[in-house]
Amino acid sequence: MQKGFDKGYTEGLAIGKMIGKLRGMIEVNHIFSVDYFRENGPKRVENYTSPDDFVKQLEEKSLAEFSTSQGVVEDVRGIMRKVPQPVVVVTTSKPDDPNYRRGITVASFTSVCLEPDPLVSFCVRVPSRASELLHSSGSMVLNMLSHEQVQQSVAFSTPNAEQFKDIPFFDDPVTGLPVLMGTVGAMHCEAFKVIELGDHELWITKVLKVEEGVGGERGIREEGHPLLYYERGYRSVGDQVFMKAFEDENKGESTLDTVKWMHRAHLRMAWNFIRELGPDAAEPKIKETLRNHFKKSPKKSQDYHETITSFYISLVSAAIKSFPATDQSDFFDLVEKFPQLLDTKTIENYYSVDKLYTDEARHVFIKPDIQPLPTRL
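Basis of the calculations
- Residues numbered from 1 in each chain as written.
- Predicted model: local features only at pLDDT ≥ 70, side-chain atom pairs only at ≥ 80, totals over all residues.
- Heavy atoms only, no water.
- Helix = DSSP H or I, 4+ residues; strand = E, 2+ residues; numbered from the N terminus.
- Buried < 20%, exposed > 50% of the residue type's maximum accessible area, 1.4 Å probe, protein only.
- Contact = heavy atoms within 4.5 Å.
- Areas by Shrake-Rupley, 256 points an atom, 1.4 Å probe, with all protein chains shown as cover.
- Pairing = 2+ DSSP bridges.
- Core = buried A, V, L, I, M, F, W, Y, C linked by side-chain atoms within 4.5 Å.
- Axes fitted to C-alpha atoms, helices over the stretch in contact; angles between N-to-C directions.
- Parallel < 35°, antiparallel > 145°, perpendicular 65-115°, else oblique.
- Left-handed = near helix turned anticlockwise from the far one by under 90°.
- Nonpolar A, V, L, I, M, F, W, Y, C, P; charged D, E, K, R; others polar.
- Phe/Tyr/Trp six-rings, centres within 6.5 Å; stacked < 30°, edge-to-face > 60°.
- Lys NZ or Arg CZ within 6 Å of the ring centre and 35° of its normal.
- pLDDT = per-residue confidence, 0-100.
- Salt bridge = Lys/Arg side-chain N within 4 Å of Asp/Glu carboxyl O.

Caption draft 1: Layout of the overall build of the protein chain. Helix and strand counts for the protein chain stand at 13 helices and 11 strands. Buried positions account for 42% of the 377 residues belonging to the protein chain. For the protein chain, restricting intrachain contacts to residue pairs at least 6 apart in sequence, the fraction spanning at least 24 positions comes to 65%. Total accessible area on the protein chain stands at roughly 20900 Å², and carbon and sulfur atoms take up 54% of it.

Pasting the structure below:
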């Protein structure tokens, strides 16, 4: 009898431990007795389940319910796109080499608390060079971009070696950290706590000093308006400002830097037009915008190319067709899913170099000689 009790007790304990392990992932409402799991338990219990089978069922149920919850991810992604977020560039530098500067554009900035110390937070994807440098430095400047600083947002959203080239900034005389000019304001911070969550790090930072309206470039009222990012029909506010910069350029009113606003910015412009007008109606609009854009380029090597332009319009259209409808509203998700869009050498998988880089291909569209233009990616 004691032997049977010991066995039942052991089995019940195993079940209890498993339920405890899974608690929080699934809901367990039934109270199980040792007799329920004992091999010679009451015959009145229907659908008798051995301890091993029961544990297996619990594990399978927990995994099934957990995987089902992944469907919520897309819902969260969609609803968060409707929430306006300020665009902030986090800048820092190496403690032993202030000339090594890095910046990263974030749209996850928020205030945490004011007492006992003011804390703000932002998120950084890991692994990344920005994360490594932030850990090394421990200090940073959070630059709140004005709505006229889309160029800075673009510059610091890509891991280029020369992010600060042609970007107005100054090094703080005390900390040596780079501070962007023309922003709504800047917060000088130090790391308070870093928490790794999924594929991101949550940086909670303590604010040491605030500068409002750091070095406004033209001193006009419009510079005091923040740059926001959120979904609004086919364009977020960030994209509306982004597209306005290109449209103003066509009117001769823009201050776009044609050296910096190259391939990635051209893709984003094409993406906006295709999403709004459709591929056929968007194509002449995209080409007209790029022709005007390249006319202002100080570099002769940066000239309009009909075949290359037509190819990447087709590539962006193919990417949009291949992307789930719930994700199409985010350009950054698109290029993350299809990195070949950002690769300026992708076109050489379709065209031979001898055929592509000719005067004829520059002025009129020629068909690819290696493989047909893609319709889906």
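Caption draft 2: Looking closely at the pairing of strand β2 (residues 88-94). With respect to burial, β2 is a largely interior element, six of its seven residues being buried. Looking at chain direction, β2 and strand β3 (residues 97-106) are connected through seven bridges and run antiparallel. Looking across to β3, one finds that Val89 is bridged to Thr105. The pairing of β2 with strand β6 (residues 139-144) spans four bridges and is classified as antiparallel. Residue pairing in the sheet places Val89 in a bridge with Asn143 of β6.

Caption draft 3: Focus on the nonpolar core. Within the largest apolar cluster, 30 residues are counted, with the highest numbers of intra-cluster contacts made by Ile274, Ile286, Phe311, Val316, Leu334, Leu341 and Tyr351. Put simply, the parts of the chain that give this core at least two residues each are α8 (263-277), α9 (279-295), α10 (306-322) and α11 (331-337). In this view, Leu334 contacts Trp271, Ala319, Ile320, Phe323 and Leu341; residues no more than four positions away in its chain are not counted.

Caption draft 4: Region of interest: the packing of α8 against α10. Where α8 contacts α10, the two axes come as close as 10 Å, and the packing angle between them is 60°. Comparing the axis directions of α8 and α10 gives the class oblique. The interaxial crossing formed by α8 with α10 has right-handed handedness. Taking contact as the criterion, the partners of His263, Leu267, Trp271, Ile274 and Arg275 in α8 are, on α10, Tyr312, Ile313, Val316, Ser317 and Ile320. Among the residues making up the contact of α8 with α10, the classes are represented as seven nonpolar, two polar and one charged.

Caption draft 5: Examining the packing of aromatic side chains more closely. Under the counting rule described, the total for this entry stands at seven aromatic pairs. Between the aromatic rings of Phe311 and Tyr312, the centroid separation amounts to 4.9 Å while the plane-to-plane angle is 85°, which identifies the pairing as edge-to-face. Both residues of the pair, Phe311 and Tyr312, count as buried. By relative accessible area, which is 0% here, Phe311 ends up buried. Cluster of aromatic residues (ring-pair linked, three or more members): Phe311, Tyr312, Tyr350 and Tyr351. Over the ring of Tyr100 we find Lys94, and its NZ or CZ is 4.5 Å from the ring centre. The ring of Phe338 carries the charged tip of Lys337 above its face, separated from the ring centre by 5.9 Å.

Caption draft 6: Expanded view of unusual backbone geometry. In this structure, Pro116 follows Glu115 across a cis peptide bond, with omega equal to 0°. If you trace the backbone, Pro116 turns up in the loop between β4 (110-113) and β5 (119-125). Here the amide bond leading from Val126 into Pro127 is cis, since omega sits at -5°, within 30 degrees of zero.

Caption draft 7: Seen up close, the confidence of the model for the protein chain. Per-residue confidence for the protein chain gives a mean pLDDT of 75; residues scoring 70 or more make up 65%. In this model, residues 1-5 is a region of pLDDT below 50 whose contacts with residues beyond four sequence positions or in other chains number two contacts. Overall, residues 232-237 carries pLDDT values under 50, and its contacts beyond four positions in sequence, including any with other chains, amount to 16 contacts.

Caption draft 8: Up close: the pattern of salt bridges. One pass over the full model with this rule turns up eight salt bridges. Of the charged contacts, one joins Asp172 and Lys209 as a salt bridge, the two residues approaching to 3.2 Å between their closest N and O atoms. A residue pair is termed long-range when its members are at least 10 positions apart, and Asp172 in the loop between β7 (169-171) and β8 (178-180) and Lys209 in strand β10 (residues 200-212) qualify at 37 residues. Between Glu306 and Lys287 there is a salt bridge, with the nearest N and O atoms lying 2.6 Å from each other. Here Lys287 lies in helix α9 and Glu306 lies in helix α10, a separation of 19 residues in the sequence. For Glu306, a relative accessible area of 10% translates into the label buried.

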